[in-house]
Amino acid sequence: MSLFITSLNSGSNGNCYYIGNHTEAVLIDAGISCRETERRMKKLGLTMKMVRAIFVSHEHSDHITGVCGLSKKYQLPVYITSSTLRSSGLPVQQKFVRSFTAKQPVSIGSLSVIPFVKFHDASDPHSFMVSCNKINIGIFTDIGLPCKQVISYFKKCHAAFLEANYCEDMLMNGRYPKFLKNRISSDQGHLSNSQALNLFLEHKGKQLSHLILSHLSKNNNRPELVERMFNKQAGNVKIVVASRYSETPIFYIDSSPAGKTMNQPSQLQLSFL
C-alpha cells in the first residue's frame with residue numbers, strides 16, 4: 001500500500017502536513033484554520049473523511065491554530081503530550097485528547113506514527129515518522145540541530161518534509177534584532193539551508209525519492225534560492241519547495257526509486273470517496 005503526501009501550508013504563518021493511503025490519513029500539525037484546511041484539501045481531491053487523527057509537534061501557534069476546530073467538527077483525536085497541551089492552552093475536548101511517548105509507535109489503522117524528541121525552543125517538541133508497509137515519511141521541521149535521532153530516521157525515509165528555514169547570510173545581514181538572530185540560529189531554533197543540505201547529502205538513503213523543503217522564512221530565505229541550491233546536487237531525488245501560501249501537489253510515494261506526482265484531483269477523488 002502506497003502513501004499520499006502533501007504540504008497544505010508550510011511557514012511561520014501555519015504548518016499542516018497530510019500523510020495517508022487509500023483508507024486513512026493523519027495530519028501532522030494543524031496550523032491553518034479549519035476552513036482553509038478543508039478548502040485546500042478539496043482543491044487536491046482529498047476529504048477530511050479520510051483523516052483519523054491530528055498529531056501535534058509542539059505548542060507554537062503556527063502549528064496549532066486549526067487543531068480545536070478540526071477536532072470538534074470531525075470528532076478527531078488529538079495526539080499531544082501533556083506538557084505541550086498545558087503550554088498551548090488548547091481547549092481540546094478531553095474525550096479527544098490522546099497522549100504519546102517518544103519512540104513508541106501509534107497505530108492509526110494501517111498507519112504507524114513514531115514520535116521522537118527534537119531540539120527546539122518549546123516545552124516538549126517532537127518530530128514524527130509515518131509508515132505503512134515499510135514506506136516511511138519523515139516530518140523534520142522546527143529543528144535547531146540535526147541530532148542523531150533525526151539522522152537515524154531521515155536515513156530510513158522514502159520521502160521527507162525537511163526544514164530549510166533560513167539563509168545564514170540573509171539572517172545575519174538582515175534587520176532582525178540580535179537576540180532573535182541568535183534564537184533562530186541556535187541549537188534550539190531552526191535548520192539553515194546549509195544544515196538541511198548537509199543532512200540530505202550525507203544521510204539520504206537510496207530509497208529517498210522526494211524531498212519537500214519546508215518552513216522557509218519569509219524574511220530570511222527565498223524559495224528560488226533553496227530550490228537552486230538543492231537541485232544542483234539532488235540526483236534522482238525530486239526537490240519540492242513547500243509554500244507558505246498554498247498547498248503542494250499530492251505526491252504518491254511507494255517503494256520505487258522515483259515515486260509519482262499527482263496533479264489532477266480527479267485521479268484521487270475516485271480513490272478517496
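Just above sits the structure.
Participant: Is there a simple way to think about the nonpolar core in this case?
Facilitator: Generally speaking, a soluble globular protein has its nonpolar side chains buried in company with each other. Counting 30 residues, the largest nonpolar core has Y18, L27, V51, I54 and V67 as the members making the most contacts within it. If you look at the next biggest cluster of nonpolar residues, it comprises 29 residues, including I143, I151, L162 and A196.

Participant: When you look at the packing of helix α1 (residues 34–43) against helix α2 (residues 67–74) in this model, what are you seeing that I'm missing?
Facilitator: Two packed helices can be described by the angle between their axes and the distance between those axes. Here α1 crosses α2 at 70 degrees, and the two axes come no closer than 8 Å. Considering the angle they form, α1 stands roughly perpendicular to α2. Contacts between α1 and α2 involve C34, T37 and E38 from the first element and G69, L70, K73 and Y74 from the second.

Participant: Help me understand unusual backbone geometry in this model?
Facilitator: Leaving glycine aside, a negative phi is the common case for residues, and trans is the common case for peptide bonds. One non-glycine residue, N133, lies in the positive phi region at around 50 degrees. Residue position: N133 is located in the loop between β9 (126–132) and β10 (135–140). Since its relative accessible area comes to 53%, N133 is described here as exposed.

Participant: I tried to follow the packing of helix α7 (residues 193–203) against helix α8 (residues 223–231) on my own but got confused; where do I start?
Facilitator: Running from amino to carboxyl end, α7 crosses α8 at an angle of 25 degrees, the nearest separation of the two axes being 11 Å. The angle between the axes of α7 and α8 places the two elements in the roughly parallel class. Here α7 runs over α8; the crossing is right-handed. When α7 is examined against α8, the residues N193, S194, A196, L197 and F200 are found in contact with a partner set consisting of L225, V226, M229 and F230. Residue composition of the contact of α7 with α8, by class: seven nonpolar, two polar and no charged.

Participant: I would appreciate a short explanation of the pattern of salt bridges in the present structure.
Facilitator: When charged atoms on two side chains of opposite charge get close, those side chains can pair. In the structure shown here, the tally under the stated rule is five salt bridges. Salt-bridge contacts for R40 lead to E36; the nearest nitrogen and oxygen are separated by 2.8 Å. With R40 and E36 both in helix α1 and four residues apart, the pair spans about one turn of that helix. Through salt bridges with shared partners, a single ionic network connects E36, R39 and R40.

Thresholds applied
Residues numbered from 1 in each chain as written. Predicted model: local features only at pLDDT ≥ 70, side-chain atom pairs only at ≥ 80, totals over all residues. Heavy atoms only, no water. Core = buried A, V, L, I, M, F, W, Y, C linked by side-chain atoms within 4.5 Å. Buried < 20%, exposed > 50% of the residue type's maximum accessible area, 1.4 Å probe, protein only. Axes fitted to C-alpha atoms, helices over the stretch in contact; angles between N-to-C directions. Helix = DSSP H or I, 4+ residues; strand = E, 2+ residues; numbered from the N terminus. Parallel < 35°, antiparallel > 145°, perpendicular 65-115°, else oblique. Contact = heavy atoms within 4.5 Å. Left-handed = near helix turned anticlockwise from the far one by under 90°. Nonpolar A, V, L, I, M, F, W, Y, C, P; charged D, E, K, R; others polar. Salt bridge = Lys/Arg side-chain N within 4 Å of Asp/Glu carboxyl O.

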